[in-house]
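Okay, here's what each chain looks like letter by letter:
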Amino acid sequence: MHRRRKIIGYLVALMAALAQVVTQPVPVSAAPAAGPLVYRGRAFDTCQAPPLTTLSAWGSASGYGALGVYYGGRARACPHQKYLSKRWLTGARDLGWRILPVFVGSQSPCVRAASKDGFPIGDDPYGQGSDEGRDAAHSAEALGIAAGSPLYLDMEAYDYSDYDCADTTLTFIQAWSRTVTRYGYLPGFYSSAASGVRHMELSRRAGVPHLPEILWFARWRVPASTEKEQALSSDAWTPHRRIHQYAGNVSETHGGRKLTIDRNLVDAPVAVIP
């Protein structure tokens, strides 16, 4: 099995080497009746879940209808969430906000962000991915995020051309995704378009199973689009399975309340908050 995974890793890396040779935001729309709750429109994410008074002040005038919430994972930049709770989530729901739950677990051994060096995937990536998948599901359930909701694994940019590192990272992601699915949630994945998301696309083309079902790709300083990402084939992760983070670390003020946020365009599932 290890040898087979190695071969897949080399194939993915080869495809990566060969591979080296955006529209206006759409309005909020309803979800498909028979599937996950889908949101189409603008969203923001910010390190610390803001108080409900801020969400109320931003309201519809801000142009945002959803927000990313860092609800779990050992590598969160803001591990102590002052406001986040089951009551906060229902309050945000009642104010009309949709939620994108983000889990920042162990990071790739070849992660590029120095701030994430202290949280590496270890020598048992499958077991570790399974354990953190259970943690992601249990933490979501404890907050009242219902089964059928997406859980987005945050994996910061990494060097997927490093064969061993790519193999370790992919094994972790597969195990996390399988476990989250077993608990009734939809596995999502956030990363840089040029690294983690590109790695997922190459893995998909190579026939690798148990990949995330939703991709949240970061590519800044380009027009917002969920359809025109160059790292993805046009038919990959469609329909309603993409989020584009198109700007980061920007400050906005609405209703007298200021936040530092990342900006996103969403055409993807959001959390079910009963």
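Residues numbered from 1 in each chain as written. Predicted model: local features only at pLDDT ≥ 70, side-chain atom pairs only at ≥ 80, totals over all residues. Heavy atoms only, no water.

A.B. asks: Just give me the short version of the pairing of strand S2 (residues 66–72), but keep the residues and values in it.
C.D. replies: The element S2 is largely enclosed, with a buried count of seven among its seven residues. Judged from the three bridges that link them, strand S1 (residues 38–45) and S2 form a sheet pairing that is parallel. Looking across to S2, one finds that alanine 43 is bridged to alanine 66. Note on the crossover from S1 through helix H2 (residues 52–58) to S2: the handedness is right-handed. Summarising the sheet, S2 and strand S3 (residues 98–103) pair through six bridges and their orientation is parallel. (Buried < 20%, exposed > 50% of the residue type's maximum accessible area, 1.4 Å probe, protein only. Helix = DSSP H or I, 4+ residues; strand = E, 2+ residues; numbered from the N terminus. Pairing = 2+ DSSP bridges. Right-handed = clockwise from strand over helix to strand, strands pointing away.)

A.B. asks: So what's going on with the pattern of salt bridges? Residues and values would help.
C.D. replies: A full pass over the atoms with the stated rule returns eight salt bridges. We note a salt bridge from aspartate 267 to arginine 40, for which the minimum N-O separation is 3.5 Å. Of this pair, aspartate 267 sits in strand S8 (residues 257–269) while arginine 40 sits in strand S1, placing them 227 residues apart in sequence. When its relative accessible area of 14% is taken as the criterion, aspartate 267 is described as buried. As a salt-bridge pair, glutamate 201 and arginine 205 come within 3.1 Å of each other at their nearest N and O atoms. On the criterion of helical spacing, the pair formed by glutamate 201 and arginine 205 is a turn pair, its members being four residues apart in helix H6 (residues 196–205). (Salt bridge = Lys/Arg side-chain N within 4 Å of Asp/Glu carboxyl O.)

A.B. asks: Provide a residue-level description of helix H4 (residues 125–142), including the pertinent values.
C.D. replies: Compared with an ideal rise of 1.5 Å per residue, which puts 18 residues at 26 Å, H4 spans 25 Å between its outermost C-alpha atoms and is within 8% of the ideal. Along H4, the residues classified as buried are Pro125, Gly127, Gln128, Gly129, Ser130, Glu132, Gly133, Ala136, Ala137 and Ala140. Looking at the buried side of H4, the elements it contacts are S2, S3, strand S4 (150–154) and helix H5 (163–182). Phi for glycine 144, located one or two positions after H4, is positive at around 85°. (Expected span 1.5 Å × (residues − 1). Contact = heavy atoms within 4.5 Å.)

A.B. asks: Go over the nonpolar core, please, and point to the residues and values.
C.D. replies: Ranked by size, the top nonpolar core spans 51 residues in total, and within it Phe44, Tyr71, Trp88 and Met200 carry the most contacts. Among the elements that take part in this core, H5 stands out by supplying six residues, more than any other. The contacts of phenylalanine 44, once residues within four sequence positions are left out, are Leu55, Trp58, Tyr64, Ala66, Leu67, Gly68, Trp97, Leu259, Ile261, Asp262 and Asn264. Membership of the second largest hydrophobic core comes to 18 residues, among which are Tyr39, Val104, Leu186 and Val270. (Core = buried A, V, L, I, M, F, W, Y, C linked by side-chain atoms within 4.5 Å.)

A.B. asks: Describe in detail the state of the cysteines, supporting the description with residues and values.
C.D. replies: Applying the stated rule across the entire model yields two disulfides. The disulfide partner of cysteine 110 is cysteine 165, and the S-S distance across this bridge is 1.9 Å. Linking cysteine 110 and cysteine 165, the disulfide has an S-S dihedral of approximately -90° and is accordingly described as left-handed. Of the two residues, cysteine 110 is situated in the loop between S3 and H4 and cysteine 165 in helix H5; the sequence distance between them amounts to 55 residues. You can call cysteine 165 buried: its relative accessible area is 5%. Should the bonded cysteines of the protein chain be numbered as they appear in the sequence, the pairing reads 1-2, 3-4. (Disulfide = S-S within 2.5 Å.)

A.B. asks: So what's going on with the packing of H4 against H5? Residues and values would help.
C.D. replies: Closest axis-to-axis distance for the H4/H5 pair is 7 Å, and the angle between their directions is 35°. With respect to the hand of their crossing, H4 and H5 are arranged in right-handed fashion. Between H4 and H5, the residues in contact are Pro125, Tyr126, Gln128, Gly129, Ser130, Glu132, Gly133, Arg134 and Ala136 and Thr168, Thr171, Phe172, Ala175, Trp176, Arg178, Thr179, Val180 and Arg182, respectively. Taken together, the residues of the contact of H4 with H5 break down into seven nonpolar, seven polar and four charged. (Axes fitted to C-alpha atoms, helices over the stretch in contact; angles between N-to-C directions. Left-handed = near helix turned anticlockwise from the far one by under 90°. Nonpolar A, V, L, I, M, F, W, Y, C, P; charged D, E, K, R; others polar.)

A.B. asks: How would you summarise unusual backbone geometry if you had to cite specific residues and measurements?
C.D. replies: Threonine 238 connects to proline 239 through a cis peptide bond whose omega is -10°. Here proline 239 is to be found in the loop between strand S6 (214–218) and strand S7 (242–254). Within the chain, histidine 210 stands out as a residue other than glycine whose phi angle is a positive 60°. Of note, histidine 210 is situated in the loop between H6 and S6. With relative accessibility at 39%, the residue histidine 210 sits in the partly exposed group.

A.B. asks: Explain the packing of H5 against H6 to me, and be specific about the residues and the numbers.
C.D. replies: In contact at an axis separation of 12 Å, H5 and H6 are set at 80° when each is read in the N-to-C sense. With respect to H6, the element H5 is oriented roughly perpendicular. Judged by residue contacts, Ala166, Leu170 and Ile173 of H5 engage His199, Met200 and Ser203 from H6. Residue classes in the contact of H5 with H6 are distributed as four nonpolar, two polar and no charged. (Parallel < 35°, antiparallel > 145°, perpendicular 65-115°, else oblique.)

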